[in-house]
Amino acid sequence: MVAQRKPAAELEIDADLVRSLLVEQHPDLAGRSLRLVNEGWDNVIYRLGDDLVVRLPRRRLGAELVANEHRWLPGLAARLPLPIAAPVRTGAPSVDYPWAWSICPWFEGEVAADSALADPAVEARRLGEFVAAFHTEAPADAPDNPFRAQPMSYLRTRIAETLDRSGELVDRELVARRAAELLDVDDWDGPALWVHGDLHTANLVVRDGAIAAVLDLGDLTAGDPACDLAIAWMLFGEDERELFRVTAGSRSPIDDATWQRGAAWALHFALLYLLHSRDNERFGRMGTELLAAVAAR
């Protein structure tokens, strides 16, 4: 597999730009310190003082997701058992910057991809409770996401395309065989449920060994909840995985077909992380570990 870099930024975002937006739209915060903490696929994140971050899209695709976050996240946050990165203030396009942007809470800690859990069984239950609370029936006008919560026919195509681009980084025969096993499953036939869409270990904050917050809901959508279940293979061993399944299904039990689709999504995500690991060591590590977990059944 030829690893790729993250998508190129469509405009340059620096501290001077962020400061000017704050002066213009949130002057009471403009005197706070600013520090770049992350530049991801879709957003640039600046820490603002001690307790906030400024989150600005770096490309149009990311900008299109901000409106969804502004509309839906405050209401979702109010009923979830773990904090999420919901905006506490919003920013509008300006002469110098073309898209909406957000000010969100800062959560102290490290991402789960880089930090061990003190008690995985306890955290499996806590994250399961979060997923159970999240996976409720969504309204008809919930955001559509063509890359998440889709039928298995979509996933079959995407996994095949990724394998076609694979090289020596993966055992293509093994992955193809495992994919065929996992994709042989019925599609979701229930109501469209709220789905985080990007629930992985780099989007969970861990503090003192416990999950403290859930980040980056830009892929928020509605449909088959199975793609969020992939986190079970990323974060937990076999025993804790079953605790997560039971707790996540406390409102509506997770049947074998949904759990199998979750494993199929885990396989898909593993390949994606490996594909985009050229400039991201963490993604390479996440992909390698996840592929081993889901391939081992």
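Just above, that's the structure.
Starting from 1, residues in each chain are numbered consecutively following that chain's sequence as written. Given that this is a predicted model, residues contribute local features only at a pLDDT of at least 70 and side-chain atom pairs are listed and counted only at 80 or more, while totals for whole chains, interfaces and linings are drawn from all residues. Only hydrogens and water are set aside; all other atoms, that is, all heavy atoms of the structure, feed into the side-chain values.

**Student:** Teacher, can you tell me more about the packing of aromatic side chains here?
**Tutor:** Given two aromatic rings, one states the distance between the centres and the angle between the planes to describe the pair. Stacked, tilted and edge-to-face pairs are distinguished by plane angle, under 30 degrees for stacked and over 60 for edge-to-face with tilted covering the rest, among Phe, Tyr and Trp rings (Trp via its six-membered ring) whose centres lie within 6.5 Å. Under the defined criterion, the tally for this structure stands at ten aromatic pairs. With 5.8 Å between their ring centres and 85 degrees between their planes, Tyr-97 and Trp-99 make a pair best called edge-to-face. The residues Tyr-97 and Trp-99 share a single accessibility class, namely buried. Grouped by ring-pair contacts, the aromatic residues Trp-41, Tyr-154, Trp-265, Phe-269, Tyr-273 and Phe-283 constitute a single cluster. Exposure classes here rest on a 1.4 Å probe applied to the protein chains alone. A residue is buried below 20% of its type maximum, exposed above 50%, and partly exposed in between.

**Student:** Even after reading the chapter, I still don't get the sheet that holds strand S4 (residues 89-91), so can you show me in this structure?
**Tutor:** Hydrogen bonds between backbone groups are what pair the strands of a sheet, and the pairing can be parallel or antiparallel. A pair of strands is labelled paired if DSSP reports no fewer than 2 bridges between them. Where helices and strands are cited, they refer to DSSP runs of H or I of at least four residues and of E of at least two residues respectively, numbered from the N terminus. The strand order across the open sheet built from five strands is S1-S2-S3-S5-S4, with neighbouring strands paired in antiparallel fashion. The open sheet is flanked by strand S1 (34-39) and S4, the only strands paired with a single partner. Averaged over all pairs of adjacent strands, the angle between their axes in this sheet comes to 25 degrees, without regard to strand direction. Relative to strand S5 (residues 101-105), strand S3 (residues 52-57) runs antiparallel, the two sharing four bridges. Within the sheet, the bridge partner assigned to Leu-52 lies in S5 and is Pro-105. Helix H2 (residues 60-77) rests against S3, S4 and S5 of the sheet, and its axis sits at about 55 degrees to S5. Working convention: axes come from line fits to C-alpha atoms, limited for helices to the stretch in contact. Angles between N-to-C directions cover 0 to 180 degrees. Whether two residues are in contact is decided by their heavy atoms: any pair within 4.5 Å suffices.

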